[in-house]
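# Tertiary structure, described
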Amino acid sequence: MADANGQGRVQGKVAFVTGAGSGIGRAAAVRLAQEGAKVTLVDKKEDRVAEVQKQIEQAGGEAIPAEADISKPEDIESAVRKTVDAWGRLDIVFANAGINGTLTPIEDMAPEDWSTTLDINLKGTFLTVKYAVPELKKNGGSIVITSSINGNRVFSNFGMSAYATSKAGQVAFMQMAALELAQFGIRVNAICPGAISTKIDQNTERKPELKEITIPVKFPEGDQPLEDGPGKPEQVANLVLFLASDESSHITGTPIYIDGAESLIRG
Ligand code: NAD
């Protein structure tokens, strides 16, 4: 919310949010707009973000849609161009879009299924950052990448070998980028959510072969001890806002867990 002078915590900044049509990306786009950012809503289907744009505009904020598949260089390049054409600058990048992909034993994983997950989650993150960097260099800025507890603290979600690998890769990439870009005043951090209530299950294909490798490591109850259930996208959005704003001005190269202690009990 804006302060007494009408200034939000990211007032006047321009933000580029991928996966803005649903879940964590949507909540972050709305939160950043509430705090004064102009937001480009990037998603693979433009109709997914129409409602988000309406919600932001009805609350007095500014947003534009950009249809882009983050795994396609030309799509991301043109979405960044659209942002700068509209608002003349870029300050905040939330590289968030991702899929769970195909969950199956390694021996049954089709090479194409592995590639799809890595192309969207890891290459898509690289492309988002790559095409944003020339604009961010002009005034400095903040990049936030959505990784996961999977691949960083948790390795017990059977069948998620491709997903977990992509999420671990994002954290390595984030740290390389943080050091490379520090001299330009660009901060780069990752968030690692535990289970969050979103539509990500719609991007998940569980193969029947999974039962062949699954061993009982799941807690029957109580595996999200802090709030006794999954987190909400709005809780993650508050972390994104903090990392995007100057309140985190000395934080870079850091993965931050947001999981209600789930990864501590399940790691
Ligand atoms: P979601 O499915 O609700 O939203 C993801 C959005 O990304 C969708 O609107 C989808 O259309 C978009 N998208 C997917 N592939 C895309 C592509 N190739 N190009 C452009 N847009 C694309 O899921 P969510 O839970 O909000 O996921 C956001 C991020 O959070 C993902 O990176 C996911 O791995 C991560 N994450 C989610 C959870 C969870 O429990 N929900 C936990 C940890 C990490």
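About the thresholds
Residues numbered from 1 in each chain as written. Predicted model: local features only at pLDDT ≥ 70, side-chain atom pairs only at ≥ 80, totals over all residues. Heavy atoms only, no water. Patch = residues over 30% accessible without salt bridge, like charges linked within 9 Å, V, L, I, M, F, W, Y side chains within 5 Å. Areas by Shrake-Rupley, 256 points an atom, 1.4 Å probe, with all protein chains shown as cover. Salt bridge = Lys/Arg side-chain N within 4 Å of Asp/Glu carboxyl O. Lys, Arg positive; Asp, Glu negative; His and termini not counted. Charge placed at Lys NZ, Arg CZ, Asp CG, Glu CD. Helix = DSSP H or I, 4+ residues; strand = E, 2+ residues; numbered from the N terminus. Buried < 20%, exposed > 50% of the residue type's maximum accessible area, 1.4 Å probe, protein only. Axes fitted to C-alpha atoms, helices over the stretch in contact; angles between N-to-C directions. Parallel < 35°, antiparallel > 145°, perpendicular 65-115°, else oblique. Left-handed = near helix turned anticlockwise from the far one by under 90°. Contact = heavy atoms within 4.5 Å. Nonpolar A, V, L, I, M, F, W, Y, C, P; charged D, E, K, R; others polar. Core = buried A, V, L, I, M, F, W, Y, C linked by side-chain atoms within 4.5 Å. Near = heavy atom within 4 Å. Polar contact = N/O pair within 3.5 Å; in protein donor to acceptor, adjacent residues only side chain to side chain. Expected span 1.5 Å × (residues − 1). Phe/Tyr/Trp six-rings, centres within 6.5 Å; stacked < 30°, edge-to-face > 60°. Lys NZ or Arg CZ within 6 Å of the ring centre and 35° of its normal. Pairing = 2+ DSSP bridges. Right-handed = clockwise from strand over helix to strand, strands pointing away.

## Focus on a positive patch on the surface
Side chains of Lys 44, Lys 45, Arg 48 and Lys 199 sit close together on the surface and give a patch of like positive charge. Mapped onto the elements, Arg 48 comes out in helix H2 (residues 46–58). The exposure class assigned to Arg 48 is partly exposed, which follows from its relative accessible area of 35%.

## Re the packing of helix H1 (residues 23–34) against helix H6 (residues 233–244)
Packing of H1 against H6 leaves a shortest axis separation of 8 Å and a crossing angle of 55°. By the angle class used here, H1 and H6 are oblique. Crossing of H1 over H6 shows right-handed handedness. Contacts between H1 and H6 involve Gly 23, Ile 24, Ala 27, Ala 28, Arg 31 and Leu 32 from the former and Pro 233, Glu 234, Val 236, Ala 237, Asn 238, Val 240, Leu 241 and Ala 244 from the latter. Grouping the constituent residues of the contact of H1 with H6 by class yields 10 nonpolar, 2 polar and 2 charged.

## Some remarks on the nonpolar core
Counting residues in each nonpolar core, the largest one holds 34 residues, and the members touching the most others are Leu 90, Ile 143 and Val 188. Contributing elements (two or more residues each) for this core: strand E1 (14–18), strand E3 (62–67), helix H3 (73–87), strand E4 (92–95), helix H4 (111–139), strand E6 (141–146), helix H5 (161–182) and strand E7 (186–193). The dominant element in this core, judged by the number of residues it contributes, is H4, at 7 residues. With residues near it in sequence (within four places) discarded, Val 188 still touches Ile 143, Ile 145, Met 174, Ala 177, Ala 178, Leu 181, Thr 252, Gly 253 and Thr 254.

## Regarding the site of the ligand
For the ligand, the set of nearby residues contains 29 residues, the closest of which are Ser 22, Asp 43, Asn 96, Tyr 163 and Thr 198. One nitrogen or oxygen atom from the side chain of Thr 198 is found 2.6 Å from an oxygen atom belonging to the ligand. Protein chains shield 97% of the accessible area of the ligand, which is 840 Å² for the free molecule. For the shell around the ligand, the secondary-structure elements that each account for two or more residues are H1 and H5.

## Quick notes on H1
Helix length check: H1, at 12 residues, gives a terminal C-alpha distance of 17 Å against a target of 16 Å (1.5 Å per residue), a fit within 8%. Within H1, 10 of the 12 residues are buried, which leaves it mostly tucked inside the rest of the structure. All buried positions along H1 are accounted for by Gly 23, Ile 24, Gly 25, Ala 27, Ala 28, Ala 29, Val 30, Arg 31, Leu 32 and Ala 33. Summarising the contacts, the buried residues of H1 are in contact with E1, strand E2 (38–43), H2, E4, E7 and H6. Immediately downstream of H1, the backbone of Gly 36 shows phi near 100°, a positive value.

## Comments concerning the packing of aromatic side chains
For the structure shown, the criterion picks out 1 aromatic pair. Taking the centre distance of 6.3 Å and the plane angle of 85° together, the rings of Phe 126 and Phe 173 count as edge-to-face. One end of the pair, Phe 126, is in helix H4; the other, Phe 173, is in helix H5, with 47 residues separating them in the sequence. Residue Phe 126 is classed as partly exposed on the basis of its relative accessible area of 39%. It is Lys 130 that lies over the ring of Tyr 131; its NZ or CZ is 5.2 Å from the centre. Directly above the aromatic system of Phe 184 lies the positively charged group of Lys 137, at a separation of 4.3 Å from the ring centroid.

## Thoughts on the pairing of E1
In terms of burial, E1 is largely enclosed, as 5 of its 5 residues are buried. Taking every second residue as pointing to the same face, both faces of E1 are buried, with Val 14, Phe 16 and Thr 18 on one and Ala 15 and Val 17 on the other. Note: E1 against E2, 5 bridges, orientation parallel. Bridging from a neighbouring strand, Ala 15 pairs with Val 39 of E2. Between E1 and its parallel partner E2, the chain crosses via H1, and the hand of that crossover is right-handed. Pairing between E1 and E4: 3 bridges, direction parallel. Paired with Val 17 across the two strands is Phe 94, which belongs to E4.

## Here we look at the environment of Ser 245
Summarising the element assignment, Ser 245 is placed in the loop between H6 and strand E9 (255–258). When the C-alpha atoms of Ser 245 and Gly 141 are compared, they prove to be 9.0 Å apart, with 104 residues separating the residues in sequence.

## Digging into unusual backbone geometry
The residue Asp 228 is not glycine, and still its phi comes out positive at about 55°. Structurally, Asp 228 can be placed in the loop between strand E8 (204–206) and H6. The exposed category is assigned to Asp 228, whose relative accessible area is 65%. One non-glycine residue, Ala 261, lies in positive phi territory at about 75°. For Ala 261, the position within the fold is in the loop between E9 and helix H7 (262–266).

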